[in-house]
Amino acid sequence: MDEKAPILSLPSEPRSFGFFVEGAWLDAGDRKIMERESPAHEVPVTRIPLCTAADLDRAVTAARAAFEDRRWSGLSGAERAAVLSKAAAGIRARVDELAYWETLENGKPIAQSRGEVEGAAGIYDYAAGAARMLHGDTFNNLGDKMLGLVTREPIGVVGLITPWNFPFFILSERVPFVLAAGCTIVAKPSEFTSATSLIMADILADAGLPAGVYNVVPGLGAEVGQAMTEHADIDMVSFTGSSRVGRSAIQAASGNFKKLGLELGGKNPQIVFADADLDDAADGVAFGLAFNTGQCCVSGSRLVVEASIADDFTARLSEKLAKVRVGDPLDPATQVGAITTDAQNATILDYIAAGQAAGATLVTGGASIDRGKGRFIAPTLFAGVTRDMTIAREEIFGPVLSVFPFATPDEAIAIANDTNYGLAASIWTKDIDKAIQTSRRVQAGRVWVNCTITGGPELPIGGFKQSGWGRETGIYGVEEYTQIKSVHIELGKRDPWIA
Ligand code: NDP
């Protein structure tokens, strides 16, 4: 986006939404309304109905009917691809609108929102291709009398529970893949950021998606989310959020043994070797920390840096962090916007206080930025952190980085892997052997070498250890939403069992 473009104005009144079931918009009626305030401006921006467990039942019934009558799963991959391609075009036609409401509800900079929405359109394009590529396998080596087929079938009705940090992008890392596989969807966005998941209902309907295939029931996690993980007629839930709720989802899903996809937290290392391009590395580490105010599951929140350069690198990094433009997310020049929720703001400040109380040394940041209105926190760097401190072990989900010097590559790996999480890791070095050897030994579902928080839908995402189960995106991401059937076909006359 043009950084000199004018700052967008706030809406004159909040935009009201209904909810979307069986291809139709339903009014809020007498349901409670969540009036969402912009976290940067403290004015109401959207009014969202808080659906009930009964609304969820209605949506699941619609999704089940749409799945069973094969109005979507019975189409060819080519026909599904055509709808997904049209949806990509529909997203592109509404980039301004989607980015605007995303920024207003979430607090992220408008330029970033636009980038995410455009990126989401690309994911739909990719998934359209994947719909046509999805296939099974054959076994032609079972002798002349037998042919074996391995077919993939859509898993059925899929519940999507998405968080508030990347409301549209995370939705778009799932929906087109679920649809490519032939499944039907009931989505529950975070109560704080439902607008773009709801707007997507119109875009998909305009693209020709049959009624009942994509349903959205906004509501509280404790009510609608919980009911979704427990629901006996949902075949799979993809949950993205905290490890705490992920753990409770595992228990709730046991009722009907539904499959779970879980993308949970991270405590991701940025490993910087002395031979790295230190300017690139400092820029990348600053980005990995401050991007989206650190409210990313893949944020680089632990700096594991070779001791010989630790002081120099920390100084470079704090210089860069001081230049990050934190401010009004509606200003196209802003790089880092507001903290999305009050609760998250308090959580981050509590962790900063805990770091200081435990004796870590504050190098830069460490406080709120007062802009008159809204919740902003300066990118924060702690040195002198020991591996047992709370700030070293727990996911903060804010722009707070702890520095850990290492002496040898083995020690770097030991520090990097000293966490219950295993979502992502970044490695900065110009030595190809070190890069590959470290990427092999680090326990993480995503590894970046001389880059961070980047990539496209071709590569899968997901975590090792307590960062989750399963994979989203890539061809693996479509396969997650299928189940495998083995078919044995006997040719010719049967060898009799009974003579
Ligand atoms: P949650 O895990 O509570 O929220 C994520 C999603 O789960 C939301 O849609 C939420 O709905 C829903 N949810 C909440 N309770 C339940 C439940 N019992 N059953 C099913 N779904 C539920 O995260 P928080 O918003 O509380 O954030 C807390 C921490 O979680 C953060 O500090 C961060 O560490 C981590 N987090 C990680 C994310 C990631 O991308 N991996 C994303 C968000 C948070 P609702 O918001 O409507 O309550």
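Because the structure is predicted, anything quoted here is derived from the model rather than measured.

### Observations regarding the overall build of the protein chain
- Helices and strands together make up the secondary structure of the protein chain, namely 16 helices and 21 strands.
- By the compact-globule yardstick of 23 Å for 499 residues, the protein chain fits well, its C-alpha radius of gyration being 24 Å.
- Seen along its three principal axes, the alpha-carbon backbone of the protein chain occupies a region of about 80 × 60 × 40 Å.
- Every one of the 499 residues in the protein chain was classed for burial, and the buried ones make up 55%.
- Within the protein chain, contacts between residues separated by at least 24 positions form 74% of all contacts whose residues are at least 6 apart in sequence.

### With respect to the environment of Leu98
- On the secondary structure map, Leu98 appears in helix H3 (residues 95-106).
- Through-space distance from the C-alpha of Leu98 to that of Leu10 is 14 Å; in sequence the pair is 88 residues apart.
- Discounting residues that sit within four places of it in the chain, Leu98 has contacts with Ile91, Val117, Phe168, Thr196, Ile199 and Ile203.

### Observations concerning the side chain of Ser190
- Looking at the element boundaries, Ser190 is found in the loop between strand E9 (184-188) and helix H7 (195-206).
- Residue Ser190 is classed as buried on the basis of its relative accessible area of 8%.
- Residue contacts for Ser190: discarding those within four places in its chain leaves Thr162, Pro163 and Trp164.

### Side note on the sheet that holds strand E1 (residues 15-16)
- The strand order across the open sheet built from three strands is E1-E5-E4, with neighbouring strands paired in mixed fashion. The sheet terminates laterally at E1 and strand E4 (33-37), the two strands that pair on one side only.
- Sheet analysis places E1 next to strand E5 (residues 44-49), joined by two bridges and oriented parallel. Following the sheet pairing, Arg15 is matched in E5 by Thr46.

### Details of the sheet that holds strand E6 (residues 137-139)
- Pairing in this open sheet of three strands is antiparallel, and the strands run E6-E7-E21 from one edge to the other. Each of the sheet's edge strands pairs with one partner strand only, and the pair in question is E6 and strand E21 (482-490). The sheet shows a mean angle of 20 degrees between the axes of neighbouring strands, direction not considered.
- Examined bridge by bridge, strand E7 (residues 146-154) and E21 share nine bridges and lie antiparallel to one another. Across the sheet, the residue bridging to Glu153 is Gln483, located in E21.

### Describing the domain arrangement of the protein chain
- Segmenting the protein chain into domains produces domain 1 (15-264 + 467-485) and domain 2 (268-449).
- If you look at the interface, domain 1 gives 26 residues, while domain 2 gives 29 residues.
- Taking both partners together, domain 1 and domain 2 bury about 2,200 Å²; carbon and sulfur atoms supply 58% of that area.
- Counting every contact that joins domain 1 to domain 2 gives zero salt bridges.

### A few points about the site of the ligand
- In the vicinity of the ligand, 25 residues are found, and the nearest of them are Thr162, Trp164, Gln226, Ser242 and Glu395.
- Trp164 has a polar side-chain atom sitting 2.6 Å from an oxygen atom of the ligand.
- One of the side-chain N or O atoms of Glu395 is found 2.6 Å from an oxygen atom in the ligand.
- Computed on the free molecule, the ligand has an accessible area of 850 Å², of which 86% lies beneath the protein chains in the complex.
- The dominant element in the shell around the ligand, judged by the number of residues it contributes, is helix H8 (residues 221-230), at four residues.

### A short note on the packing of aromatic side chains
- One pass over the full model with this rule turns up seven aromatic pairs.
- Members of the aromatic cluster, joined through ring pairs, are Phe166, Phe287 and Phe291.
- In this structure, Arg371 packs its charged tip against the face of Phe376, placed 5.3 Å from the ring centre.

### Let's talk about helix H2 (residues 77-93)
- For H2, which comprises 17 residues, the first-to-last C-alpha distance of 24 Å matches the rise-based estimate of 24 Å (1.5 Å per residue) to within 8%.
- Listed as buried for H2 are Gly77, Arg80, Ala81, Val83, Leu84, Ala87, Ala88 and Ile91. End-on view of H2: buried residues confined to an arc of 160 degrees, all on one side of the axis. Exposed positions of H2 whose direction lies more than 90 degrees from the buried face are Lys86 and Ala93.

### Things to note about unusual backbone geometry
- The backbone of Arg70 shows a phi angle near 65 degrees, a positive value even though the residue is not glycine.
- Take Arg70: it is sitting in the loop between helix H1 (53-68) and H2.
- Phi is positive for Phe397, which is not a glycine, with a value near 60 degrees.
- Locating Phe397 in the fold gives a position in the loop between helix H13 (390-393) and strand E17 (400-406).
- Note on Phe397: relative accessible area 16%, which makes it buried.

### What to know about the nonpolar core
- Counting residues in each nonpolar core, the largest one holds 60 residues, and the members touching the most others are Ile91, Tyr124, Val175, Leu179, Met200, Leu204 and Tyr214.
- When residues in this core are grouped by element, the largest group, ten residues, is from helix H4 (residues 110-133).

### Topic: the environment of Gly115
- Inspection of the secondary structure puts Gly115 in helix H4.
- Using a relative accessible area of 38% as the deciding quantity, one classes Gly115 as partly exposed.

### Quick word on the packing of H2 against H7
- At their nearest, the axes of H2 and H7 sit 8 Å apart, and the two run at 130 degrees to each other. By the angle between their directions, the pair H2 and H7 is classed as oblique. In this structure, H2 meets H7 at a crossing whose hand is right-handed. Contacts from Ala87, Gly90 and Ile91 of H2 reach H7 at Met200, Ile203 and Leu204.
- Taken together, the residues of the contact of H2 with H7 break down into five nonpolar, one polar and no charged.

What counts and how
- Residues numbered from 1 in each chain as written.
- Predicted model: local features only at pLDDT ≥ 70, side-chain atom pairs only at ≥ 80, totals over all residues.
- Heavy atoms only, no water.
- Helix = DSSP H or I, 4+ residues; strand = E, 2+ residues; numbered from the N terminus.
- Rg over C-alpha atoms; globule rule 2.2 N^0.38 Å.
- Buried < 20%, exposed > 50% of the residue type's maximum accessible area, 1.4 Å probe, protein only.
- Contact = heavy atoms within 4.5 Å.
- Pairing = 2+ DSSP bridges.
- Axes fitted to C-alpha atoms, helices over the stretch in contact; angles between N-to-C directions.
- Domains from an automatic or database assignment.
- Buried area = accessible area lost by both parts, 1.4 Å probe.
- Salt bridge = Lys/Arg side-chain N within 4 Å of Asp/Glu carboxyl O.
- Near = heavy atom within 4 Å.
- Polar contact = N/O pair within 3.5 Å; in protein donor to acceptor, adjacent residues only side chain to side chain.
- Areas by Shrake-Rupley, 256 points an atom, 1.4 Å probe, with all protein chains shown as cover.
- Phe/Tyr/Trp six-rings, centres within 6.5 Å; stacked < 30°, edge-to-face > 60°.
- Lys NZ or Arg CZ within 6 Å of the ring centre and 35° of its normal.
- Expected span 1.5 Å × (residues − 1).
- Arc of directions from axis to C-beta.
- Core = buried A, V, L, I, M, F, W, Y, C linked by side-chain atoms within 4.5 Å.
- Parallel < 35°, antiparallel > 145°, perpendicular 65-115°, else oblique.
- Left-handed = near helix turned anticlockwise from the far one by under 90°.
- Nonpolar A, V, L, I, M, F, W, Y, C, P; charged D, E, K, R; others polar.

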